[in-house]
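Observations on chain architecture
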Amino acid sequence: MSDFWTFLEKARLPDHCLADGYEQTGPQLRGLLKKNIAVRHELLEQRLPPKFQRREISYGASQGARTATPAPWCLIVHDAAYPAAPRALTAALSAQLAGVPLIWSVALQDDHAPATPPAPVLAAWELAGVENVAGAGREVFWEQLHEFASVPACAERSGPGRVLILGAPDWGSEMRAIFNDERTALLRQEGLPPRILLTGGEAEAYYTTICALHPDADLHVPGQGRGLASNAAYAAVFSSDSASSGNFRAPLRLDYKHCGCWFWPELDADFFLNHELSLFSTL
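Being a predicted model, the structure only gives us computed values, none of them experimental.

Criteria and thresholds
Residues numbered from 1 in each chain as written. Predicted model: local features only at pLDDT ≥ 70, side-chain atom pairs only at ≥ 80, totals over all residues. Heavy atoms only, no water. Buried < 20%, exposed > 50% of the residue type's maximum accessible area, 1.4 Å probe, protein only. Helix = DSSP H or I, 4+ residues; strand = E, 2+ residues; numbered from the N terminus. Pairing = 2+ DSSP bridges. Phe/Tyr/Trp six-rings, centres within 6.5 Å; stacked < 30°, edge-to-face > 60°. Expected span 1.5 Å × (residues − 1). Arc of directions from axis to C-beta. Contact = heavy atoms within 4.5 Å. Axes fitted to C-alpha atoms, helices over the stretch in contact; angles between N-to-C directions.

Our next topic: the pairing of strand E10 (residues 236–239). The alternating pattern of E10 places Ala-236 and Phe-238 on one face and Val-237 and Ser-239 on the opposite face, and all of these are buried. Across four bridges, the pairing between E10 and strand E11 (residues 252–255) is parallel. Looking at E11, one finds that Val-237 is bridged to Arg-253.

Have a look at this one:
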């Protein structure tokens with residue numbers, strides 16, 4: 001086992017931390033997060049092959065083959081204070097549904113600060129079955145990560161790993177500098193907290209719930225004194241039905257029954273697959 005994985009094992013959060021987070025989150029929010037999981041499985045009910053997929057095509061004098069294999073590992077890295085359970089959950093589910101065999105969530109902190117993420121995020125990991133959850137100081141984590149990224153074991157035979165950065169932490173550029181070679185890992189960063197618009201007659205009723213699910217988000221409710229950004233680029237629009245959100249553009253549109261759900265429209269299972277291509281002449 002790589003020294004890096006051994007380091008994460010030593011930084012693993014005790015089981016009781018996740019159990020406490022689960023209990024503290026409460027049944028209402030847990031139920032909404034469970035729906036998030038159920039919806040993802042409904043939309044991607046056909047799991048990709050967990051080890052290998054091959055497609056062949058023959059045309060004229062050429063014959064090609066394309067193979068797809070899940071990335072060997074995925075790191076989901078975030079500040080220890082990162083609060084948004086639905087967004088954390090969708091990152092993990094995307095990797096899980098692609099068949100990535102090793103997934104670690106890592107909460108980073110100042111070396112002398114508490115390591116435990118907020119309870120809803122811990123509940124999200126517990127509900128999704130993310131068993132590898134660690135908390136580490138940033139300085140020691142960077143040391144281990146630099147060493148890991150420089151050794152051949154980082155990019156195994158099945159190709160590069162994956163790194164997801166939740167939020168827009170000030171250390172994001174340092175992480176990108178470490179994984180600047182796509183032969184080692186492919187990296188995606190969530191970015192700044194989302195601007196979310198709540199529309200329709202149910203907006204007021206669900207405002208507090210969505211605040212609890214996305215404590216860092218910039219929420220807008222038209223006509224209720226909380227402001228409506230003119231021509232704003234919303235990350236998500238919640239509405240009572242599809243018609244009531246038609247005037248607003250956003251990559252994610254949800255009704256209030258799915259208020260615990262979240263998607264990164266550009267982060268699907270394909271991102272977590274490594275590909276090989278062969279092309280030969282048949283003449």
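A few words on the packing of aromatic side chains. The full count for this structure, using the stated rule, is 14 aromatic pairs. An angle of 70 degrees between the planes, with centres 5.3 Å apart, marks the rings of Trp-5 and Phe-148 as edge-to-face. Of this pair, Trp-5 sits in helix H1 (residues 3–10) while Phe-148 sits in helix H6 (residues 138–149), placing them 143 residues apart in sequence. One exposure class covers both Trp-5 and Phe-148, and it is buried. The interplanar angle of 85 degrees and the centroid separation of 5.1 Å between the aromatic rings of Phe-271 and Phe-272 together place this pair among those described as edge-to-face.

Quick look at H6 now. Its 12 residues give H6 an end-to-end C-alpha distance of 16 Å, which sits within 8% of 16 Å, the value for a rise of 1.5 Å per residue. If you check which residues of H6 are buried, you get Phe-141, Trp-142, Leu-145, Phe-148 and Ala-149. Summarising the axial view, the buried residues of H6 lie within an arc of 130 degrees, below the 170-degree limit, and thus occupy one face. Residues Glu-139 and Glu-143 are exposed on H6 and point more than 90 degrees away from its buried face. On the buried face of H6, the contacting elements are H1, strand E3 (74–79), strand E4 (103–109), strand E5 (133–137) and helix H7 (172–178).

Attention now moves to helix H3 (residues 27–43). When the terminal C-alpha atoms of H3 are compared, their 24 Å separation across 17 residues agrees well with the 24 Å that a helix rising 1.5 Å per residue should span. Three or more residues of H3 are buried, namely Leu-29, Arg-30, Leu-32, Leu-33, Asn-36, Ile-37, Val-39 and Arg-40. Buried residues in H3 make contact with helix H2 (15–25), helix H4 (85–97), helix H5 (119–128) and helix H8 (203–213).

Before going further, it helps to examine the sheet that holds E11. Spatially, the four strands line up as an open sheet ordered E9-E8-E10-E11, and their pairing is parallel. Every interior strand has two partners, whereas the edge strands, strand E9 (218–220) and E11, have only one. Here the strands of the sheet are splayed against their neighbours by 20 degrees on average, with no regard to which way each runs. Packed on one face of the sheet, H8 meets strand E8 (195–198), E9 and E10 and runs near 155 degrees to E8.

Our focus in this paragraph is the sheet that holds strand E7 (residues 185–189). Taking strand neighbours across the sheet as the criterion, the five strands line up as E5-E4-E3-E6-E7 in an open arrangement whose pairing is parallel. This sheet does not close on itself; its edge strands, each paired only once, are E5 and E7. For this sheet the average axis-to-axis angle between neighbouring strands, irrespective of direction, equals 20 degrees. As judged from the five bridges shared by E4 and E5, these two strands associate in the parallel manner. Within the sheet, the bridge partner assigned to Leu-108 lies in E5 and is Ala-136.

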